[in-house]
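What follows is the residue order along each chain.
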Amino acid sequence: MNHLAHALLSGPDDAVQLGGWLGDFVRGGIDAELPVGVQQGIALHRAIDTFTDSHEDVRALKSLFESPYRRYAGILIDIWFDHLLARDFGRWSDVPLQDFSEQAVQRLIRGDALLPDSLRRFRDYLRARNLPAAYAERTMISEVLIGVASRLKRENPIAQGLIEVSRLESQLDSGFTSFFPQLVAFADAWRASTRR
């Protein structure tokens, strides 16, 4: 899943949500010096990614992508799912999308001392682009894909990925509708089982 989904699935706890953001920016073992809630957020982020990548609905969607996009199907699905989540955010949260987005960025600002430089730069990018709220706009998804493509070391077709996503749009929308409630239930159960 991508950033908006991780922020939502982290739940309302500031520390857990901060860890959810850190999940894409730290590798290896979880630093035991971090606050417990932040450690839990990183662990939840990783559990969500594992659940998503191994889920039969997501694997089935990946198989629909044609070459040269199939190799990058996971990235394209994650980003498109954030678009679908943002587009219908009121179905998943009582907090309006713009408010949720601003609150998420404020959490990153308050947690600045715990952020690696790469996440600080990303936080500034979020603020400048009104993300994650702007994921609701199709044009922003195109911009995000161009950015992702430029950060990968090897040549890739991700910048043009919206062409393939558009071809598969109805299947991706149906897949999200089937999969995301299961992911919400998984994350809720995970958080309940690890409550501090």
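Note that the structure is predicted; figures quoted are calculated from it, not measured. (Residues numbered from 1 in each chain as written. Predicted model: local features only at pLDDT ≥ 70, side-chain atom pairs only at ≥ 80, totals over all residues. Heavy atoms only, no water.)

## Looking at the pattern of salt bridges
What counts, and what does not: Any Lys or Arg side-chain nitrogen found within 4 Å of a carboxyl oxygen on Asp or Glu counts as a salt bridge. The helix and strand labels rest on DSSP assignments: H or I over at least four residues marks a helix, E over at least two residues marks a strand, and numbering proceeds from the N terminus.
Under the definition given, this model contains 14 salt bridges. Notably, a salt bridge pairs arginine 110 with aspartate 14, separated by 3.0 Å at the nearest N-O pair. With arginine 110 in helix 6 (residues 97-110) and aspartate 14 in helix 2 (residues 14-22), this pair connects stretches of sequence that are 96 residues apart. Bridged by salt links that share partners, the residues Asp112, Asp117, Arg120, Arg123 and Asp124 form one connected network.

## Quick word on the packing of helix 3 (residues 36-54) against helix 10 (residues 169-193)
What counts is decided by this rule: What counts as an axis is a line fitted to C-alpha atoms, over the stretch in contact for a helix, and the angles between N-to-C directions run from 0 to 180 degrees. Each crossing gets its handedness from the near helix: less than a right angle anticlockwise from the far helix is left-handed, clockwise is right-handed. Working rule for contacts: check all heavy atoms of both residues, and any pair within 4.5 Å makes them a contact. Ten residues, namely Ala, Val, Leu, Ile, Met, Phe, Trp, Tyr, Cys and Pro, are considered nonpolar, four, namely Asp, Glu, Lys and Arg, are considered charged, and the remaining ones, Gly among them, are considered polar.
As a packed pair, helix 3 and helix 10 sit with axes 11 Å apart at the nearest point and diverge in direction by 145°. The chirality of how helix 3 crosses helix 10 is right-handed. Residue-level contacts link Gln40, Ala43, Leu44, Ala47, Ile48, Phe51 and Thr52 of helix 3 to Phe179, Gln182, Leu183, Phe186, Ala187, Trp190 and Arg191 of helix 10. When its residues are assigned to classes, the contact of helix 3 with helix 10 shows ten nonpolar, three polar and one charged.

## With respect to the nonpolar core
Rules: Here the nonpolar core consists of buried residues drawn from Ala, Val, Leu, Ile, Met, Phe, Trp, Tyr and Cys, with membership extended through side-chain atoms lying within 4.5 Å. Burial classes: relative accessible area under 20% of the type maximum marks a residue as buried, over 50% as exposed, and values in between as partly exposed (1.4 Å probe, protein chains only).
Within the largest apolar cluster, 62 residues are counted, with the highest numbers of intra-cluster contacts made by Phe65, Leu85 and Phe180. Apart from the residues lying within four places of it in its own chain, the contact partners of leucine 85 are Leu4, Ala5, Leu8, Trp92, Phe176 and Phe180.

## Overview of the packing of aromatic side chains
Stated formally: Any Phe, Tyr or Trp ring, taking Trp's six-membered ring, that has another such ring centre within 6.5 Å forms a pair; planes under 30 degrees apart are called stacked, those over 60 apart edge-to-face, and the others tilted.
Scanning all chains against the criterion turns up ten aromatic pairs. The interplanar angle of 85° and the centroid separation of 4.8 Å between the aromatic rings of tryptophan 92 and phenylalanine 180 together place this pair among those described as edge-to-face. Taken as a pair, tryptophan 92 in the loop between helix 5 (73-87) and helix 6 and phenylalanine 180 in helix 10 lie far apart in primary sequence, 88 residues in all. With a centroid separation of 4.9 Å and 20° between ring planes, the pair formed by phenylalanine 176 and phenylalanine 180 is classed as stacked. One end of the pair, phenylalanine 176, and the other, phenylalanine 180, are both in helix 10, four residues apart, so they sit about a helical turn from each other. Owing to a relative accessible area of 0%, phenylalanine 180 belongs among the buried residues under this scheme. Put simply, the rings of Phe51, Phe81, Trp92, Phe176, Phe179, Phe180 and Phe186 pair up and form one aromatic cluster.

## Thoughts on the environment of proline 181
Take proline 181: it is sitting in helix 10. A C-alpha to C-alpha distance of 12 Å links proline 181 and leucine 8, two positions 173 residues apart in sequence.

## Quick look at the side chain of threonine 52
What counts, and what does not: Counted as a polar contact is a pair of N or O atoms within 3.5 Å, where, for protein atoms, one must be capable of donating a hydrogen and the other of accepting one, and residues adjacent in sequence contribute only when both atoms are in side chains.
By the element assignment, threonine 52 lies in helix 3. A polar side-chain atom of threonine 52 sits 2.8 Å from the main-chain carbonyl oxygen of isoleucine 48. Apart from residues no more than four positions distant in its own chain, threonine 52 is found in contact with Met1, Val58, Asp78, Phe179 and Leu183.

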